[in-house]
Amino acid sequence: MKKTFKQTFGRLPVLALGGAVVIALTAAAVGTSKEQPSSTHRDAVALAVDEHPLARDGRMDTSFAPVVKKVVPSVVKVFTTTKARQASLRDLPQMQDPSFRQFFGDQLDRSGRPGQLDIPAQQGAGSGVIVTKDGYILTNNHVVEHTDQLKVALNDGREFTAKVIGADPKSDIAVIKIDAKDLPFLTMADSDQSEVGDRVLAIGNPFGVGQTVTSGIISAKGRATMGLDYEDFIQTDAAINPGNSGGALVDVEGRLIGINTAILSHSGGSQGVGFAIPANLTREVMTSLINDGKVTRGYLGVMIQDVTPALASEFKLKDSQGALVGDVLPKGPADVAGLKDGDVIVDFNGKPVTDSRHFKLEVASLKPGETVPVKLLRDGHSKTLDVTLKELPGSEQPTPTASGAAEEGEALKGVAVGDLDAQVRQHFDVPQNIAGAVITEVAPESAAAEAGLKPGDVITEINRRPVRNAEDAVKLTERVPNKSTLLHIWSGRGSRYVAVDESKTD
């Protein structure tokens, strides 16, 4: 069994400005492999970081060939395979159209449950960047999410089965690992020191054609275009196309300054507006995923907004700098420290606050338990408070391992589960009094599918032991003594017991 942490109810939003933000990922047919990587432990990772600023003397070199030769071996192709599965017809985008549903109805089967659609296996291709010599690779979350098999091809022709160490949908960053030593890796720059106008190279696997290098400049910094919770993109005019997702954006010294992620395009191809996640943000997320097994972010407990000129006038502020506190959550760190509605935060942890988005990034970059000074304006008077941060509720857990087969001794192979949050309860019509783990995917060829399990069923017990959430369900299916599993299932028809016998499929 595997746990899913982001439901497949929708993709990243489209930017409706006459064009669209295109996730730079393309499909390409690949072969699969049965080889497995060795187990990966979560020890501290030593990243190579070079924070010295570029020499901006205005000289234009005649060739980037030396930089390309240095960087290219560290950029890899990432191939993904998603197994065939079943999905409810109600999940299809077309079924959200009232006229479409009026014509086709609710597509209920004889038992009154939504009809199922068989989705065939799918292949995809993206890019990644080796950042340690022992095989840690940075890529995008949207490249590897919902993936069952993951392979990495190096520039020298070697191929490896990879493992997902962890992923953070809130920033679209993922860390994967291959079992290899003495790999060529990229040194990371201090992306905060990069400037608009700096020359950059984008390296990746566009359209699956093979490794490609394009050049350009940094067009802008601090962009927010995809609707993610945490985004601070570097914009570049270096050509980025579908398949470049997870590839490298490097400076003229060959240092990694960003992970290529998306483009703004009318055509679906590059039109000179590409976006990369800054290296500093990727470093924070990667370190947290590897060291802690999850992304741990600081939490202040306030609802904030930008200070518009109109609000600045109403609050008698000199300018529109800062973050306006619209609400203070009861008993949160800000409430305990004495922050109030209407406060304007102008300095946080010794750094000036320009707007609410960058303030949110700054808070998230700190660790729970840290005490930081917060300078604010209240009724025209300056005030400084010390706030001890807590951990952001709902911090992301690592994405489950992507491998060719389930681990030895694991039960309910081919079943994926998720937690019963408000969105899931509404989607599957699950009452509030039902506790457990909701089934999100069932492999068509699995013993679980043969036993009648379907997406939307809620597992409340496994082998007569209660299940409170998806984490419980995963733990109760690890290292089981036999091939038969007794489940207590709730569905729209009520509760029932189901026995899943995997000895036949084995």
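Residues numbered from 1 in each chain as written. Predicted model: local features only at pLDDT ≥ 70, side-chain atom pairs only at ≥ 80, totals over all residues. Heavy atoms only, no water.

Secondary structure assignment for the protein yields ten helices and 33 strands. Taken over 506 residues, the protein has a buried fraction of 49%. Looking at the protein alone, contacts between residues at least 24 apart form 68% of all its contacts between residues at least 6 apart. When the accessible surface of the protein is split by element, carbon and sulfur atoms take 50% of a total near 23400 Å². (Helix = DSSP H or I, 4+ residues; strand = E, 2+ residues; numbered from the N terminus. Buried < 20%, exposed > 50% of the residue type's maximum accessible area, 1.4 Å probe, protein only. Contact = heavy atoms within 4.5 Å. Areas by Shrake-Rupley, 256 points an atom, 1.4 Å probe, with all protein chains shown as cover.)

What follows deals with the packing of aromatic side chains. Given two aromatic rings, their pairing is described by the distance between the two centres and the angle made by the two planes. The final tally for this structure, using the stated rule, is two aromatic pairs. Between Phe233 and Phe275, the ring centres sit 6.0 Å apart and the planes meet at 50°, which makes this aromatic pair tilted. One end of the pair, Phe233, is in strand E16 (residues 233-236); the other, Phe275, is in strand E19 (residues 274-278), and 42 residues separate them in sequence. A relative accessible area of 1% places Phe233 in the buried class. Ring geometry for Phe348 against Phe359: centres 5.2 Å apart, planes inclined by 90°, an arrangement best described as edge-to-face. With Phe348 in strand E23 (residues 344-348) and Phe359 in helix H7 (residues 356-365), this residue pair connects regions lying eleven residues apart in the sequence. (Phe/Tyr/Trp six-rings, centres within 6.5 Å; stacked < 30°, edge-to-face > 60°.)

Another point: empty space enclosed by the protein. Evaluation of the coordinates by the stated rule reveals five cavities of 30 Å³ or more. Size it by volume and the second largest cavity reaches roughly 100 Å³. Lining the second largest cavity are 16 residues; nearest its centre among them are Leu54, Gln193, Ser194, Asp251 and Arg255. Looking at the lining of the second largest cavity residue by residue, the classes come out as six nonpolar, three polar and seven charged. (1 Å grid on protein atoms, 1.4 Å probe; cavity = no way out; pocket = protein on both sides within 12 Å on 5 of 7 lines; lining within 4 Å. Points joined across faces, edges and corners; volume = space filled by probe spheres on them. Nonpolar A, V, L, I, M, F, W, Y, C, P; charged D, E, K, R; others polar.)

Bringing the nonpolar core into the picture now. Residues Val131, Tyr136, Leu138, Val175, Leu256 and Met286 are the most contacted members of the largest nonpolar core, which totals 33 residues. When contributions to this core are tallied by element, the ones reaching two or more residues are helix H1 (65-71), strand E8 (136-139), strand E12 (173-177), strand E14 (199-204), strand E17 (248-251), strand E18 (256-265), E19 and helix H4 (279-292). The greatest single-element share of this core, amounting to six residues, is contributed by H4. With 22 residues, the next largest nonpolar core counts Ala470, Leu476, Val480 and Val498 among its residues. (Core = buried A, V, L, I, M, F, W, Y, C linked by side-chain atoms within 4.5 Å.)

Let us now look at the sheet that holds strand E7 (residues 122-130). Judged by pairing direction, the sheet is antiparallel, and its seven strands sit side by side in the order E10-E9-E4-E7-E8-E12-E11 without closing on themselves. Edge positions in the sheet fall to strand E10 (159-161) and strand E11 (163-168), since each of these pairs with one other strand and no more. Adjacent strand axes in the sheet meet at a mean angle of 30° when their direction is disregarded. As defined by bridge partners, E8 adjoins E12 across four bridges and the pair is classed as antiparallel. Bridging from a neighbouring strand, Thr139 pairs with Ala174 of E12. Contacting E8, E11 and E12, H4 runs over the sheet at an angle of about 50° to E12. (Pairing = 2+ DSSP bridges. Axes fitted to C-alpha atoms, helices over the stretch in contact; angles between N-to-C directions.)

Let's shift gears to the pattern of salt bridges. Inspection of the entire model under this criterion finds 13 salt bridges. Note that Asp232 is salt-bridged to Arg357, the shortest N-O span being 3.5 Å. Placement of the pair is Asp232 in the loop between strand E15 (212-223) and E16 and Arg357 in helix H7, with a sequence separation of 125 residues. A salt bridge links Asp457 to Arg496, with the shortest nitrogen-to-oxygen separation between them at 3.6 Å. Taken as a pair, Asp457 in the loop between helix H9 (447-450) and strand E30 (458-462) and Arg496 in strand E33 (residues 494-501) lie far apart in primary sequence, 39 residues in all. Of the residues examined, Asp457 reaches a relative accessible area of 1% and is grouped as buried. Members of the salt-bridge network, linked through shared partners, are Asp251, Glu253 and Arg255. (Salt bridge = Lys/Arg side-chain N within 4 Å of Asp/Glu carboxyl O.)

Counting all residues, the mean pLDDT for the protein is 80, and 78% of those residues have values of 70 or more. Averaged over each element, pLDDT in the protein is lowest for strand E2 (residues 20-23) (48) and highest for E8 (95). Counted against residues more than four places away or in other chains, residues 108-112, with its pLDDT under 50, gives eight contacts. (pLDDT = per-residue confidence, 0-100.)

This next bit is on the side chain of Thr477. Relative to the helices and strands, Thr477 is located in the loop between helix H10 (470-476) and strand E32 (484-491). In this structure the side chain of Thr477 is engaged in a polar contact, spanning 3.2 Å, whose partner is the backbone oxygen of Ala473. There is a polar contact of 2.9 Å between the side chain of Thr477 and the backbone oxygen of Val474. (Polar contact = N/O pair within 3.5 Å; in protein donor to acceptor, adjacent residues only side chain to side chain.)

So, about the environment of Ala435. The residue Ala435 is located in the loop between helix H8 (422-428) and strand E29 (437-442) in this model. The spacing of Ala435 and Arg468 is 33 residues in sequence and 5.5 Å in space, taken between C-alpha atoms.

Taken across its five residues, E30 has four buried, putting it largely inside the fold. Relative to E30, E29 runs antiparallel, the two sharing two bridges. Counterpart to Ala437 in the pairing with E30 is Ile459. As paired strands, E30 and E32 are joined by four bridges and run antiparallel to one another. For Glu461, the partnering residue across the bridge sits in E32 and is His488. Bridging between E30 and strand E31 (residues 465-466) involves two bridges; their strand directions are antiparallel. Bridging from a neighbouring strand, Glu461 pairs with Pro466 of E31.

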